Structures are given as C-alpha cells and as structure tokens.
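Architecture and fold: a report
Given next are the chains, with one letter for each unit.
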Amino acid sequence: MRYSKKIKYLIMMLIFISFSYSIEFDISEKQVKDGIVYRRGEKNSFTGVFIGENIREEYKKGVRNGKYIGVIKIEKDEYICEGEFVEGIKNGDWFIKFPNGKIHAILKYNYDLPAGQWTYFYLNNRVKGYENFENGIIDEDDLAPLLYIHMILEGIEEKEKYKHIVVDEVQDYSPLQILLINSLTKGNSLTLVGDLAQGIYYYKGISKWEDITEGVFEGKATYMALSQSYRSTIEIIRFANGALEAQNLGLNKTKPVLRHGKEPVIKYTSSKRESVMEIYNVVEEIRKEGKHSIAIITKTFKEAKVLEKDIKRYTNLEYTIIKGNEKSAPSTDAVIIPVYLTKGLEFDGTIIYNPLESVYENNLLNQRLLYVGLTRALHYEYIIAEGKLSQNIKTN
C-alpha cells in the first residue's frame with residue numbers, strides 16, 4: 001500500500017505524539033519555571049509523564065493534562081489523591097484514598113467553571129474543610145451559618161444596622177440568608193427583587209415566594225408581582241416566553257413596553273466552520289446598525305473555550321472571553337460568555353450558540369438557563385444551531 005508524503009507525515013506525527021505521552025521520567029527530573037513544567041536540562045516545555053512512589057503526573061506542553069496521582073497530608077495522616085487535569089484544571093471525580101486503596105472521600109470538580117472550582121463533595125466533611133483552609137477559601141455557602149453563629153454569640157449593635165437594604169436576584173438566596181440580611185436592618189426595612197424563572201441556583205435558593213413571605217416574615221410582608229419588561233423588544237420577549245412557559249411556575253407572561261424590532265433569527269449550520277462564519281457575519285451586521293455590545297452565549301465555559309479556538313481558526317473577529325473573575329470591563333464590544341454569567345446583564349445583540357436538545361436537556365435548570373440567555377438582548381437576537389433545537393425554544 002502506498003501513502004502520499006503528507007499522509008506519511010501525519011502518521012509519523014501521530015506516532016510521535018502518542019510516543020511522547022508514553023515516555024516516563026522520574027519525578028526528581030521535574031523543574032518548574034514561571035508556572036511551566038520542564039524536564040531538567042531541557043529548554044522545551046515538558047510533554048510526558050513524571051512518576052515516583054505513589055506519584056504519576058501527566059503533562060502537555062508544560063501544563064498538567066491527564067491522569068494525576070499524588071500524596072496529600074490531612075492533619076497527621078497521609079492519603080493517596082487520584083484524579084484528572086484538563087489543561088491545568090481539575091476535572092471530574094477526585095478520589096482521596098487510604099494507603100490500602102479504600103476510598104476515604106470523593107471531591108467533584110467542574111472544568112466548565114473558572115479555575116475548576118469544585119461543586120460539591122461527599123463522604124467526608126474534613127476534606128472540604130482541609131482543601132478550603134489550605135487555599136485560604138471560605139465557601140460562599142459557609143457565610144450565612146458563620147454570620148448566624150456570630151449573631152448568636154456576639155449580637156449586633158444598633159449602630160451597625162442599615163436603615164434600608166435592597167437585595168437583587170433574591171431568587172438565588174436561601175431563606176436563612178434573607179432572614180440574616182433582614183436582621184441587619186432597622187425595623188425590618190427591606191426590599192427584595194427577583195425572578196423565579198431565572199433561579200439557576202434553585203437548589204439552594206427559593207422555589208416559591210411563600211418561602212419568604214410566609215416562611216421568613218410569617219405573612220408580615222407585601223408581595224407585588226411586576227411583569228412589565230423595559231429591556232427587550234416585543235418580538236424578543238414573545239420569543240423568550242416560550243422558555244418561561246416550559247417551567248410551569250404559574251407566573252404571568254412578561255409584558256414588554258411597546259417597542260417593536262426585528263424578529264429573533266434562527267440560523268441552522270452543518271459544521272463548526274459554518275457556525276463561526278455565521279457568528280462573524282452577525283457581529284458585523286449588528287455593528288453596521290450602530291450597536292456595539294454583543295454577546296456570543298454558550299452553555300458552559302468549556303464550550304466557550306472550544307468555540308474560541310474555532311473563531312480564531314476561521315475568522316479575525318476581535319472578542320473577549322468572559323471567565324467570571326474579571327476585575328475590569330472587556331476591551332472589545334463582542335464577548336464570548338457562558339449563559340450562567342449573563343444573569344443581570346444586557347447587550348444590544350446576542351447570539352445564542354447551539355441551544356440544542358442534546359445540550360440543554362429538558363430539566364428545570366436548563367429551562368431556566370435558556371430563559372436567562374433568551375432575555376439578555378435589547379435589540380437583536382440570533383440563534384446558531386448545528387442540530388435540533390431544544391424543545392423549550394418555541395419557533396411558532
């Protein structure tokens with residue numbers, strides 16, 4: 001069988017990549033410079049595996065990528081830690097094991113969240129406390145119980161209280177958090193504003209307003225339902241209401257102010273290249289209309305990173321990818337942003353990338369994420385789809 005030179009070259013490259021990942025070196029040869037890992041005596045960043053006693057570290061271009069085995073110390077006891085890195089970020093289930101191999105605890109990390117922050121843990125509370133303590137972290141879910149303990153032990157002086165407190169996005173606060181915030185006001189002077197349909201942290205927030213009006217304030221609160229939207233056009237609100245209906249919350253449909261605009265546009269594509277070219281064309285089209293705030297909305301941060309690579313490959317579009325830990329405004333008018341980071345934001349135009357049935361499976365969280373994404377646009381809304389749309393997007 002004859003191969004062209006190009007095919008032979010590709011085969012050799014694949015063999016080289018596979019071989020380089022299989023090369024193992026003793027951990028004593030590992031060196032770190034400016035956060036990048038090298039093998040002692042070499043100038044190029046390291047791709048391969050370092051091994052030692054109860055140690056296995058896989059690297060790609062000087063960054064941890066692949067399986068990891070190491071030893072950690074919790075108090076006076078040593079444990080074996082096993083897990084996986086994706087481009088330097090912890091991902092998936094990480095196992096903390098006794099030296100005999102029995103599982104002591106499991107931590108679950110999420111690559112889709114910035115810095116690979118772990119989302120929950122189980123089997124052993126000390127592991128969570130240990131990891132947070134070692135990294136100087138107090139988890140946000142710990143704040144309310146800590147404040148509650150402080151209030152019981154120390155109390156609150158009247159001079160430390162506020163005349164009035166306004167809380168936005170209150171649907172994502174727990175009843176305990178609301179109770180504590182109210183304790184910081186003078187005379188229970190509190191305004192709470194929220195939208196149950198956008199409660200993407202519903203598992204720790206509230207499921208109905210009675211959780212607060214009755215559960216916290218025992219009926220001594222005034223509830224007002226506001227359904228008028230001043231952000232989007234009639235056409236965009238009408239389109240988004242389909243995702244609202246899917247939640248079956250019994251809420252009134254959002255009513256837009258009398259401002260008409262262009263109907264939301266759905267563009268079906270058959271490849272990544274076609275998708276990013278459509279994204280590029282849409283961004284240019286919105287810019288020609290004199291609008292300069294454009295969001296390309298993905299479901300996850302991981303999806304945003306993949307899309308970023310395709311945009312770089314096929315276009316010269318200038319953009320900023322939003323991670324959620326920015327300290328300043330983006331330097332470009334176009335941003336790539338995961339949908340869970342768009343809550344509370346608005347843009348002249350939005351491009352919802354791949355809100356497919358296979359991506360947004362039909363459950364409460366995905367229904368709410370879609371509704372959030374579909375209500376961010378002021379003037380223009382586009383959907384780029386490489387397959388079958390989520391059933392929660394109504395097209396008629």
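Bear in mind the structure is a predicted one, so any value in this text is a computation, not a measurement. (Residues numbered from 1 in each chain as written. Predicted model: local features only at pLDDT ≥ 70, side-chain atom pairs only at ≥ 80, totals over all residues. Heavy atoms only, no water.)

1. Re the nonpolar core
For the record, the criterion: Only buried Ala, Val, Leu, Ile, Met, Phe, Trp, Tyr and Cys residues count toward a nonpolar core, and they belong to the same one when joined by side-chain atoms within 4.5 Å. Any residue under 20% of the maximum accessible area for its type is buried, any over 50% is exposed, and the rest in between are partly exposed; the area is computed with a 1.4 Å probe on protein chains only. Counting from the N terminus, the helices are DSSP H or I runs at least four residues long and the strands are E runs at least two residues long. Note on contacts: a residue pair qualifies if any of its non-hydrogen atoms lie within 4.5 Å across the two residues.
In terms of nonpolar packing, the biggest core is built from 47 residues, with Ile279 and Ile351 touching the most fellow members. Going through the elements one at a time, α6 (234-245), α7 (272-288), β16 (294-298), α8 (301-314), β18 (334-338), β19 (347-353), α9 (364-374) and β20 (377-385) are the ones with two or more residues in this core. In this structure, Ile279 is in contact with Ile296, Leu307, Leu317, Ile351, Tyr353 and Ile384, ignoring residues within four places of it in sequence. Counting 12 residues, the second largest nonpolar core, distinct from the first, contains Val170, Ile178, Trp209 and Ile212.

2. Topic: the pattern of salt bridges
Side chains carrying opposite charge are able to pair once their charged atoms draw close together. Rules: Salt bridge criterion: a side-chain nitrogen from Lys or Arg within 4 Å of a carboxyl oxygen from Asp or Glu.
As enumerated under the stated definition, the model contains 23 salt bridges in all. For the salt bridge of Lys208 with Asp211, the shortest nitrogen-to-oxygen distance reads 3.2 Å.

3. Here's the deal with the sheet that holds strand β15 (residues 265-268)
To be explicit about the condition: Two strands are said to pair when DSSP picks up at least two bridges between them. Here an angle of 0 to 180 degrees is reported between the N-to-C directions of two axes, which are lines fitted to C-alpha atoms, with helices fitted over the stretch in contact.
Reading across from one edge, β15-β20-β19-β16-β18-β17 is the order of the 6 strands in this open sheet, with parallel pairing throughout. Looking along the sheet, the strands with just one partner apiece sit at the ends: β15 and β17 (320-321). Here 4 bridges tie β15 to β20, and the two strands are oriented parallel to one another. In the strand pairing of β20, Lys267 is matched with Ile384. Each of β16, β19 and β20 touches α9; the most contacted strand, β20, lies at about 130 degrees to it.

4. Here we look at the environment of Tyr280
We apply this condition: Each polar contact in these results corresponds to two N or O atoms within 3.5 Å; when the atoms are within protein, one needs to be able to donate a hydrogen and the other to accept it, and residues that are neighboring in sequence are counted only if both atoms are side-chain atoms.
Inspection of the secondary structure assignment puts Tyr280 in helix α7. Classification of Tyr280 as partly exposed rests on a relative accessible area of 24%. Tyr280 sits 35 residues away from Thr315 along the chain, and the two C-alpha atoms are 7.1 Å apart. If we ignore the near neighbours within four places in the chain, the residues touching Tyr280 are Thr315, Asn316 and Leu317. Within polar-contact distance, the side chain of Tyr280 engages the side chain of Asn316 at 3.5 Å.

5. Remarks on the packing of α7 against α8
Here is the rule: Orientation categories follow fixed angle ranges, with anything under 35 degrees roughly parallel, anything over 145 roughly antiparallel, 65 to 115 roughly perpendicular, and all other angles oblique. Charged means Asp, Glu, Lys or Arg here, nonpolar means Ala, Val, Leu, Ile, Met, Phe, Trp, Tyr, Cys or Pro, and polar covers whatever is left, Gly included.
At a minimum axis distance of 9 Å, the contact between α7 and α8 shows a crossing angle of 80 degrees. In terms of axis orientation, α7 runs roughly perpendicular to α8. Two secondary-structure elements touch here, α7 through Lys272, Arg273, Val276, Met277 and Ile279 and α8 through Leu307, Asp310, Ile311 and Tyr314. Looking at the contact of α7 with α8 residue by residue, the classes come out as 6 nonpolar, no polar and 3 charged.

6. As for the pairing of strand β7 (residues 77-86)
Strand direction decides the pairing type here: β7 and strand β8 (residues 89-97), joined by 6 bridges, are antiparallel. If you follow Glu84 over to β8, its bridge partner there is Asn91. Taking the residues that link successive antiparallel strands as the turn, the β7-β8 hairpin has 2 residues, and the phi of Glu87 there is positive, at about 50 degrees.

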